[in-house]
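# Report on the structure
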Amino acid sequence: MMNRKAVSFFTLLVFAGSLHSQIINPKPLSHRLTGYNFDVKLDTATKTVTGTMEAFWINNTSEVVQDIQLHMYMNAFKSRNSTLYKESGRSPGKKRSDQGWINIISLTDRNGTDLTPLMQYISPDDANPSDSTVLQVILPEAANPGDTVFIRADFETKLPSRIRRTGFCGEFFFVAQWFPKFGVYEPAGMRQRAQSGWNCHQFHLDSEFYSDHSVYDVKITLPKRYVVGSGGMLINEYAADSNLKTLTFRAEDIVDFAWTAWPGYKVFTDQWEHVSITLLLPEARVKQVDRQFIAVKNALEYLTKNVGPFPWPHLTFIDPPTIGAGAGGMEYTTLFTSVSADRMPEWMHLPEMATVHEFGHAYFMGILASNEFEEPWMDEGINSFWEVRIMDHYWGENSGAVDLPYLKISDKTFTRLTYTRSDNNQVISNNEYSWNYPHGTYGMMSYNKAATWLYALMGIIGEETTNEIFREYYREWAFKHPSGKDFVNVVNEVVKKIHGDKYGADMNWFFDQTLYGTGICDYRVSNITNRKLPSEKEKQENDSLSKDLASKDSIYKAVVQLERIGEVMLPVDVLVRFENGDEILENWDGKARYKDYTYLGHGKIKWVKIDPEYKNKMDVNFINNSRTNDPDRVPVRRFADKLISLMQLYISVITL
Amino acid sequence: MKILRSLSSGAVRSLRSWKGVLIIWFFSLLLMSLFVIPMKGMVRAGFGNSMITERLLDGLDIEVISDLGPFLKSLASYFFSGFFFVIFMGIIVNTFFAGGLFNSLKSSSGKFSVSYFFRACARYFWYFLGMYFMITLMIFVFALLVVGLPVGLTVQSGTGPGPVTYIVGITTLVIFLAAEAVFLLVADFARAWLVSAEKPAFFKALGFGFSETFSRFGSSFPMMLILMIIQSLFAWLVIIIIRSWIPGTGEGVFLLFLVSQFLIFMKILLKAWRYGSVTCLMEENNITN
């Protein structure tokens with residue numbers, strides 16, 4: 001009979017071997033520094049997930065590591081004193097059944113040594129003693145370079161009733177952040193880090209996640225009538241007993257594993273090239289199936305062409321029912337959730353926007369696994385930029401968000417306005433930890449401002465150069481953990497390679513102002529003057545012939561006065577149109593506080609436009625970008641006339 | 001036959017009172033212009049000498065409007081604070097003129113006289129205003145009970161908004177529209193009685209409105225339905241025309257103004273037709289009695 005240690009070791013060997021075997025991807029896509037094997041049961045009555053987890057972490061550094069750190073995110077829903085609820089000012093609910101938590105019942109290492117006495121909760125972000133979302137386990141034996149640390153945990157996860165990405169409502173379950181998950185051990189130098197250490201942040205109100213690419217084998221037992229969707233491929237399904245079934249999923253090289261179960265789901269499948277796509281949604285939204293598949297296939301096509309290939313052969317997405325709306329709009333790489341309603345008019349592209357956006361995270365969080373805690377713009381901002389491009393490309397340049405006959409709104413307009421019209425768009429730069437954005441600026445800054453300055457960057461360097469930047473970013477950083485500086489370096493390399501020194505030695509001047517700066521960008525045309533100069537002939541007062549010709553021969557000194565009102569300096573085009581039809585396009589470097597252009601010999605200036613193609617989306621006011629001495633009043637008059645008539649009609653209708 | 005007779009007679013009477021309709025149209029234009037023209041000035045000031053208005057030539061551009069920034073805030077503040085005031089004033093003015101219009105639609109009115117019209121406006125104003133608020137309150141309460149309550153209860157029930165809510169909503173809406181025809185009949189009969197009574201009395205008029213509506217329901221209700229459908233279709237047509245017509249030149253905008261104002265005049269004329277038809281039906285019923 002083999003001793004216990006030998007059995008454990010043998011089991012772990014089999015487990016590790018299975019996680020390193022190729023079941024989905026022909027070759028590993030990532031280093032697979034972590035891996036997980038679950039055997040869990042969903043108790044739909046007590047709203048708990050219980051079972052075992054076997055997991056490993058490989059010390060891929062050249063250092064000796066004394067501990068491991070695990071995310072225990074379900075504990076964020078344990079009490080109103082958790083960091084999540086302190087930041088939100090709310091509570092998880094009055095009843096105990098409303099709360100969520102995760103308990104580790106037992107924790108052992110590869111030798112079967114009990115690790116529970118070595119566990120302690122830590123709060124690296126805010127030192128909140130009541131927060132238990134990060135667990136530190138001191139290793140009995142330090143992990144040497146190249147060592148693999150195995151752990152085996154029996155755990156119980158109680159799902160919260162108020163769905164905030166995860167939880168339950170009635171029979172609907174969305175199970176995310178549900179298991180003890182390794183943080184990321186970062187050696188010195190990685191992401192410009194000065195000292196080695198675990199990067200394992202607490203669960204915050206305004207933050208998403210950061211993890212290593214892992215392999216997951218997940219066995220789930222639950223009542224038969226539940227329909228399940230997950231980020232993995234279904235490998236096996238069998239009846240556990242008369243009422244229960246067991247499903248086995250496998251996922252490779254993804255950063256998180258989530259799943260959902262609800263009896264009301266309808267399942268639809270489709271195919272895009274090598275990718276099998278599965279959609280789960282409520283029966284009331286079956287009419288939206290085509291819309292959802294078109295959206296996800298458009299996103300697949302556009303990102304594959306302009307960024308890089310989607311490497312997984314499977315993709316599942318969920319449109320949660322109304323009762324599970326809190327689970328909507330979230331991403332887990334090969335599983336994501338969209339947002340919709342039972343009645344969603346065709347002209348409102350919200351479901352498409354949500355689907356395109358959440359799918360895009362498979363690239364900018366899943367493949368290019370940036371640290372969303374510390375640099376949220378790298379995921380949300382870049383992803384929003386691509387969402388906008390996809391929406392406006394496939395659903396119309398001016399109608400990506402709303403497409404009514406008399407009201408069209410493009411997605412880029414929506415994004416730009418959210419930033420430019422914000423009252424506090426100057427309070428902080430884009431380079432901030434997610435939970436540190438003050439005054440509710442997290443969303444506006446990390447999504448909208450970043451997408452806006454990326455658009456402005458594209459306006460300067462061109463669309464094809466922008467695409468090439470992202471292709472190179474993908475080639476260089478796929479299945480790694482890039483930082484913001486790494487992205488900037490890629491931009492600098494590609495721009496230099498394509499444009500030489502046209503934009504300077506590097507593009508840091510751009511990022512210093514937009515990404516790392518708090519200033520706003522605003523250019524304006526302050527004045528146009530057309531001063532008539534007397535001709536030589538006019539000066540000869542006694543010459544009657546000259547008098548006749550004076551008006552024809554007189555020339556104009558035409559001056560355009562431009563000003564930079566904001567702090568941000570970006571190069572802009574200036575288009576000057578003269579009354580004789582001549583047009584001159586100037587390239588202003590945009591640095592000076594003011595700039596005058598003087599013209600002789602073209603006659604009077606008719607109008608001037610700074611950035612005539614509206615490429616500089618960072619400019620907070622397009623109205624002052626142009627000027628004419630003869631403005632077109634027709635639209636305003638038309639608006640006034642229509643308003644008068646419609647109000648008269650309204651009065652006539654409501655009076656008896 | 002009675003319905004057709006009333007409708008045709010109502011049409012003739014309303015055409016005969018075209019001057020009254022013109023007065024109502026003029027004052028409604030004046031009132032709305034007083035509200036909108038300052039707004040136009042604010043928008044112009046916001047755009048200044050910018051070329052950006054060219055982006056508005058094809059229709060509304062949210063990006064351009066939003067870039068008005070502080071001007072937009074002032075504009076919105078002016079609009080929302082002024083809107084309810086101007087609507088209230090519109091109700092008062094229309095109620096005022098309704099007295100004159102009803103009076104001019106009586107068979108005994110003879111040739112239209114402006115001074116007689118205004119005298120009647122003044123004489124019946126308080127009665128008509130009371131009638132307006134009373135009937136509007138009734139419609140509001142009815143809408144709350146018949147539409148709001150069932151739909152609200154359906155939404156609140158465990159399933160949330162769904163097909164059941166939709167069916168309940170549509171059904172109750174149809175019931176409400178039918179009931180609104182009844183309320184309009186009550187209001188019109190009551191007002192027609194007020195202007196023909198030697199001693200006008202508010203509650204007596206209201207009672208008459210109800211009794212006349214239900215005692216001749218077979219003829220009055222279908223007639224009101226026909227009038228409501230025609231008026232609704234016309235209002236819808238006006239909205240479509242105003243919304244979809246996007247002239248790009250000054251001349252075009254002026255033409256839009258002329259056409260839209262003509263349509264508003266016609267809309268008021270259609271209402272006069274309704275008043276005239278109900279007045280005619282009431283007179284015919286009284287003769288029959």
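Residues numbered from 1 in each chain as written. Chains lettered and ligands numbered in written order. Predicted model: local features only at pLDDT ≥ 70, side-chain atom pairs only at ≥ 80, totals over all residues.

## Side note on the overall build of chain A
What counts here: Here a strand is any run of E in DSSP of at least two residues, a helix any run of H or I of at least four, and the numbering for each starts at the N terminus. Any residue with 12 or fewer other C-beta atoms within 10 Å of its own C-beta is exposed, any with 20 or more is buried, and the rest are partly exposed; the C-beta atoms used are placed from the backbone. With C-beta atoms placed from the backbone, a contact is any residue pair whose C-beta atoms sit within 7 Å.
When helices and strands are counted, chain A shows 13 helices and 31 strands. Taking the principal axes of its C-alpha atoms as reference, chain A extends roughly 125 × 75 × 45 Å. Taking all 656 residues of chain A together, 47% fall into the buried category. Pairs at least 24 apart in sequence give 67% of the contacts found in chain A among residues at least 6 apart.

## Looking at the domain arrangement of chain A
Residues and elements named next belong to chain A. For the record, the criterion: Segmentation into domains, and thus their bounds, comes from an automatic or database assignment. Residue polarity is assigned by list, with Asp, Glu, Lys and Arg as charged and Ala, Val, Leu, Ile, Met, Phe, Trp, Tyr, Cys and Pro as nonpolar; anything else, Gly included, falls into the polar class.
If you check the domain split of chain A, you get domain 1 (391-514) and domain 2 (523-635). In this structure, domain 1 and domain 2 have C-alpha centres spaced 32 Å apart. Contacts between the two partners involve 11 residues from domain 1, matched on the other side by 9 residues from domain 2. For the side of domain 1 that touches domain 2, the leading source of residues is helix H7 (residues 442-461), giving 6 residues. Partitioning the side of domain 1 that touches domain 2 into residue classes produces 4 nonpolar, 5 polar and 2 charged.

## Description of the sheet that holds strand S22 (residues 335-337) of chain A
Remark on secondary structure: sheet strands pair via backbone hydrogen bonds, oriented parallel or antiparallel. Residue and element names in this part refer to chain A. This is how it is decided: Only when DSSP finds a minimum of two bridges between them are two strands counted as paired. Note on geometry: axes are lines fitted to C-alpha atoms, helical ones only across the stretch in contact, with angles between N-to-C directions running from 0 to 180 degrees.
If you trace the 5 strands from one edge of the open sheet to the other, you get S18-S19-S20-S22-S21, paired in mixed fashion. The open sheet terminates on both sides in strands that have one partner only, identified here as strand S18 (265-272) and strand S21 (330-331). Of the strand pairs in this sheet, strand S20 (residues 314-318) and S22 are connected by 3 bridges, and their pairing is parallel. Looking at the pairing, isoleucine 318 lines up with threonine 337 of S22. In this fold helix H3 (residues 289-306) packs onto S18, strand S19 (275-282) and S20, with an angle of close to 145° to the strand it touches most, S19.

## Structural notes on the pairing of S19 of chain A
All names here are of chain A. Applied cut-off: The definition of a right-handed crossover adopted here requires that, viewed with the strands pointing away, the path from the first strand over the helix to the second runs clockwise.
With 8 bridges joining them, S18 and S19 adopt antiparallel strand pairing. Paired with phenylalanine 268 across the strands is leucine 279, a residue of S19. In sequence, S18 turns back onto S19 through a hairpin of 2 residues, with glutamate 273 there showing a positive phi of about 45°. The pairing of S19 with S20 spans 5 bridges and is classified as parallel. Counterpart to leucine 279 in the pairing with S20 is phenylalanine 317. The parallel pair S19 and S20, bridged by H3, forms a crossover whose chirality is left-handed.

## Some thoughts on the interface of chain A and chain B
Taken together, the contact between chain A and chain B spans 42 residues of the former and 56 residues of the latter. Those elements that provide at least two residues to the side of chain A that touches chain B are strand S24 (407-409), helix H6 (411-420), strand S30 (605-610), strand S31 (626-628) and helix H13 (634-654) of chain A. If one sorts the elements of the side of chain A that touches chain B by residue count, H13 of chain A sits on top with 18 residues. Considered class by class, the residues forming the side of chain A that touches chain B number 21 nonpolar, 11 polar and 10 charged.

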